[in-house]
Amino acid sequence: MSRMCELCGKGKMRGNTVSHSNRKAPRHYKPNLQKESFEIDGNNLSVTVCTKCKKTLTKKD
């Protein structure tokens, strides 16, 4: 399973780490994913979502 948000599709991003001497080295930025469970028609559904989607879902409740 890849580390992706199941709602918005946010995944791993590429970038550079920059040192004080301005040298660049490749690195990856991982999204902040958390498990969220919902109850739909009596069934528990577990989804992996990013924190931005989780915040939006709690605002709409």
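What comes next concerns the included structure.

What counts and what doesn't
Residues numbered from 1 in each chain as written. Predicted model: local features only at pLDDT ≥ 70, side-chain atom pairs only at ≥ 80, totals over all residues. Heavy atoms only, no water. Helix = DSSP H or I, 4+ residues; strand = E, 2+ residues; numbered from the N terminus. Buried < 20%, exposed > 50% of the residue type's maximum accessible area, 1.4 Å probe, protein only. Contact = heavy atoms within 4.5 Å. Phe/Tyr/Trp six-rings, centres within 6.5 Å; stacked < 30°, edge-to-face > 60°. Lys NZ or Arg CZ within 6 Å of the ring centre and 35° of its normal.

Further remarks concern the side chain of Glu36. Mapped onto the elements, Glu36 comes out in strand E3 (residues 33–40). According to the relative accessible area criterion, Glu36 is buried, its value standing at 18%. Apart from residues no more than four positions distant in its own chain, Glu36 is found in contact with Leu45, Ser46, Val47, Val49 and Lys54.

The subject of this paragraph is the packing of aromatic side chains. One pair of aromatic rings is described through two measures. These are the centre distance and the angle between the planes. Scanning the model with the defined rule gives zero aromatic pairs in all. For the cation-ring pair, Arg27 lies above Tyr29, with the distance from its terminal atom to the ring centre recorded as 3.9 Å.

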